[in-house]
Amino acid sequence: MSIWGKIIGGAAGFALGGPLGAILGTAAGHVVDKIKNGASGPQIGGQDPRQIAFATGVIVLAAKMAKVDGHVSRDEVNTFKRVFHIPPGEEKNVGRIFDMARQSSDGFEIYARQIATMFHGERALLEGILEALYQIAMADGQLHPAEQDFLKKVAHIFGFADVDFDRVHHAFTSSNGPDPYEQLGLGRDASDDDLKSAHRKLSRENHPDTLMAKGMPPEFVEQANEKMARINAAWDQIRKERGIR
């Protein structure tokens, strides 16, 4: 069963806990009387609660983001289905969680904080969630100012500085393509050795196998591959410009 089939189960909500667990339990038609907030818990049918948190976090935060500009475009919906491999049989369940989150009076902050707690210290995973939201927001070819403000607030809750947010932002919005040095997290005055080290470090941290071992669901592997492609393209461009072998 895919991650999308597992997150709707009432047991998933209880194991996950917190506001994300509560919305899962309610969506499944159950009442969550006791909410637990923590980074660990029992596995659900072999599914790590961190994978459930990752997938549910993308759904809930995407729903909250949809409220800020008051419109959910067909392009955004289609992008969500395509990029995150939601099978036709699970669209209704995912849509139920999305609609509940969008209609809830709760602010997005409580969900973002739970995600930040569960993935504390896992910057690549948190950046993966932020990038997933960017893909959805940019599906119609433009980023609404209210969406950008929302994404920046989520980034800050995740613990990212403005320079980190700008790197992600430019990767999705720059008309000339992302700056290769910015993508490696260094300035143009960085030494060749520092650039090599940065590329190796980012390649290890963002490899799809590494991310899935730490909590990214396999359904998000396409997104992870795109991130690796950006990192490698940035290094290739710098290497050619500098004549690094």
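Let me begin by describing the structure that accompanies this report. (Residues numbered from 1 in each chain as written. Predicted model: local features only at pLDDT ≥ 70, side-chain atom pairs only at ≥ 80, totals over all residues. Heavy atoms only, no water.)

**Quick look at the packing of aromatic side chains**
Going through the model one piece at a time under the given rule, you end up with 5 aromatic pairs. With a centroid separation of 6.2 Å and 45° between ring planes, the pair formed by Y134 and F165 is classed as tilted. Of this pair, Y134 sits in helix α8 (residues 123-137) while F165 is found in helix α10 (residues 162-173), placing the two residues 31 residues apart along the sequence. Judged by relative accessible area, which is 0%, Y134 ranks as buried. Pairing Y134 with F172 gives two aromatic rings, centres 5.5 Å apart and planes at 15°, and the pair type is stacked. (Phe/Tyr/Trp six-rings, centres within 6.5 Å; stacked < 30°, edge-to-face > 60°. Helix = DSSP H or I, 4+ residues; strand = E, 2+ residues; numbered from the N terminus. Buried < 20%, exposed > 50% of the residue type's maximum accessible area, 1.4 Å probe, protein only.)

**Observations regarding helix α6 (residues 91-103)**
In this model, α6 (13 residues) spans 18 Å end to end at C-alpha, consistent with the 18 Å of a helix rising 1.5 Å per residue. Those residues of α6 not exposed but buried are N93, V94, I97, F98 and A101. Taken around the axis of α6, the buried residues stretch over an arc of 140°, which confines them to a single face. Across α6 from its buried face, at more than 90 degrees, point the exposed residues K92 and Q103. Where α6 is buried, its residues contact α1 (3-6), α3 (18-27), α4 (49-69) and α5 (74-83). (Expected span 1.5 Å × (residues − 1). Arc of directions from axis to C-beta. Contact = heavy atoms within 4.5 Å.)

**Description of the side chain of K227**
Of note, K227 is situated in helix α14 (residues 221-242). Residue K227 is classed as buried on the basis of its relative accessible area, which comes to 8%. Sequence-distant contacts of K227, defined by excluding residues within four places in its chain, comprise E127, E131 and N206.

**Some remarks on the packing of α8 against helix α9 (residues 145-157)**
Contact geometry for α8 and α9: axes closest at 11 Å, N-to-C directions at 175°. With respect to α9, the element α8 is oriented roughly antiparallel. Counting all contacts with α8, which are made through L130, L133, Y134 and A137, the residues of α9 involved are E147, L151, V154 and A155. Looking at the contact of α8 with α9, its residues break down into 7 nonpolar, no polar and 1 charged. (Axes fitted to C-alpha atoms, helices over the stretch in contact; angles between N-to-C directions. Parallel < 35°, antiparallel > 145°, perpendicular 65-115°, else oblique. Nonpolar A, V, L, I, M, F, W, Y, C, P; charged D, E, K, R; others polar.)

The values reported here are purely geometric and, on their own, carry no functional implication.
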